[in-house]
Amino acid sequence: MKDYVILTDSCCDLSAGMAEELELHVLPLSFVMEEKEYFNHLDYRDISAKDFYARVRGGALGTTSAINVAVFTEAMTELVGQGKDVLCIAFSSGLSTTYQSAAIAAGEVMNAHPGSKVLVCDSRAASLGQGLLVYLAVQEKRKGKSIEEVRDFVEERKDHIDHWFTVDDLNHLKRGGRVSAAAALFGTMLQMKPVLHVDGEGHLIPVSKVRGRKASVNALLEKMDELVDDPSVVFISHGDCEDEAVALGEAIKAKYKVDKLVINYVGPVIGNHSGPGTLALFFQGKHK
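Residues numbered from 1 in each chain as written. Predicted model: local features only at pLDDT ≥ 70, side-chain atom pairs only at ≥ 80, totals over all residues. Heavy atoms only, no water.

Novice: Now, about the sheet that holds strand 3 (residues 30–33): what can you tell me, with residues and values included?
Specialist: Across the sheet, three strands lie side by side as 4-3-5; this open sheet has antiparallel pairing. The open sheet terminates on both sides in strands that have one partner only, identified here as strand 4 (36–39) and strand 5 (62–65). Ignoring which end each strand starts from, the neighbouring axes of this sheet average 25° apart. (Pairing = 2+ DSSP bridges. Helix = DSSP H or I, 4+ residues; strand = E, 2+ residues; numbered from the N terminus. Axes fitted to C-alpha atoms, helices over the stretch in contact; angles between N-to-C directions.)

Novice: Give me the lowdown on the pairing of strand 7 (residues 118–122), citing residues and values where you can.
Specialist: Of all five residues that make up strand 7, five are buried, and the element is covered over most of its length. Across the two faces of strand 7 the burial is the same, with Val 118, Val 120 and Asp 122 and Leu 119 and Cys 121 all buried. The pairing of strand 6 (residues 85–90) with strand 7 spans five bridges and is parallel. Within the sheet, the bridge partner assigned to Ile 89 lies in strand 7 and is Cys 121. (Buried < 20%, exposed > 50% of the residue type's maximum accessible area, 1.4 Å probe, protein only.)

Novice: Describe the environment of Leu 281, listing the residues and the values that go with them.
Specialist: Mapped onto the secondary structure, Leu 281 falls in strand 13 (residues 279–285). Counting along the chain gives 33 residues from Leu 281 to Leu 248, while the straight-line C-alpha distance between them is 8.7 Å.

Novice: Run through the packing of helix 3 (residues 69–81) against helix 4 (residues 98–112), naming residues and quoting values.
Specialist: As a packed pair, helix 3 and helix 4 sit with axes 8 Å apart at the nearest point and diverge in direction by 45°. Taken together, the axes of helix 3 and helix 4 lie oblique to each other. Where helix 3 crosses over helix 4, the handedness of that crossing is right-handed. For the pair helix 3 and helix 4, the contacting residues are Val 69, Phe 72, Thr 73, Met 76, Thr 77 and Val 80 in the first and Thr 98, Ser 101, Ala 102, Ile 104, Ala 105, Ala 106, Glu 108 and Val 109 in the second. (Parallel < 35°, antiparallel > 145°, perpendicular 65-115°, else oblique. Left-handed = near helix turned anticlockwise from the far one by under 90°. Contact = heavy atoms within 4.5 Å.)

Novice: Could you give an account of the side chain of Asp 122, with specific residues and numbers?
Specialist: The residue Asp 122 is located in strand 7 in this model. We note that Asp 122 is buried and unpaired, the nearest opposite charge coming from Arg 124 at a distance of 4.1 Å. Looking at Asp 122, its side chain comes within polar contact range of the side chain of Ser 93, at 2.4 Å. The contact partners of Asp 122, leaving out residues within four places of it in the chain, are Ala 90, Phe 91, Ser 92, Ser 93, Tyr 99, Glu 155 and Lys 158. (Lys, Arg positive; Asp, Glu negative; His and termini not counted. Salt bridge = Lys/Arg side-chain N within 4 Å of Asp/Glu carboxyl O. Polar contact = N/O pair within 3.5 Å; in protein donor to acceptor, adjacent residues only side chain to side chain.)

Listed below in C-alpha cells is the structure:
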C-alpha cells in the first residue's frame, strides 16, 4: 500500500509538539493586526498566544484570511513529488473558504500527476474539534488503514464530533455577525453568556444564553452528559483562560473514564472572532 500523509491547517489548534508526534503536515492560516500580517503557525513563531490575547483585550482588531489555492497546490505537489498520497482534513467550509481552496488544489495536482491520490475532507469542525477529528484519523492510519478507509472514517466520524463552547464577551461575536448589536449590549449589561455549538453543516450556532460565567461553563458539562457517546478522548481549547479549562477537564475526569485529555489555546485566527475568555469542549457524541 502506498504511503500517505495527513495534511491539515492551523485552525486545528493542536500544539506544535502534538502535530509533530502525529506526523501531520500543517499549513497556517493568517491574520492582519495593527497593519502587520501574522501566520497562525502552531508553534506561535510569529506572535505568542499571550501577546495576541493581550492585544485583543487592549482593543486591537484583526482580519483573518483563508489558505488560498496556490499554497495548497504547492504543498500537495511537494508531497506527491515525494511519492506520497495526501489526505487533507480542512477547516469547516461553514466558517472559511479553506476547504474549497484545498479541493480545487487537489484536482489540479491529480490532473498534473496521474496516478496520485489527493483526497480532501471538509471537517465541518473548528479549533480542537478539528484537532480531535484529525487525531482520530491518525489513530486509524496507524492501524494500517488505507487512505480511502481513513477518508471514509473521517466522513462518518465528523458527524459525531461535538463542539460546545461559551465566550466571555458578546461583542466579539457581534463583530462577526453572530449576535446582534442590541443582543450584545443587553447581554453584556445583564452578564448573559451564550452557549454555542458547531452544527452538522459546520456553522456556528448560538443555542442558549445563561446568566454568569459559572452557569455557562456548567452548561458545557450538561451538554456532554446529554450527548457523549465515547468519553475516552476529550479536547478543550481556551482563549487565554487556562485555569478554567483545566478545571473543566478535572470535572470531566471526575465523571468519566478519560484516557486522553488535551488542553490548548484557541489560535489567533479563530480567537480573533471568539475573543479572550472563550472556553470550548470537544468530545465524541451520539450526534453533532
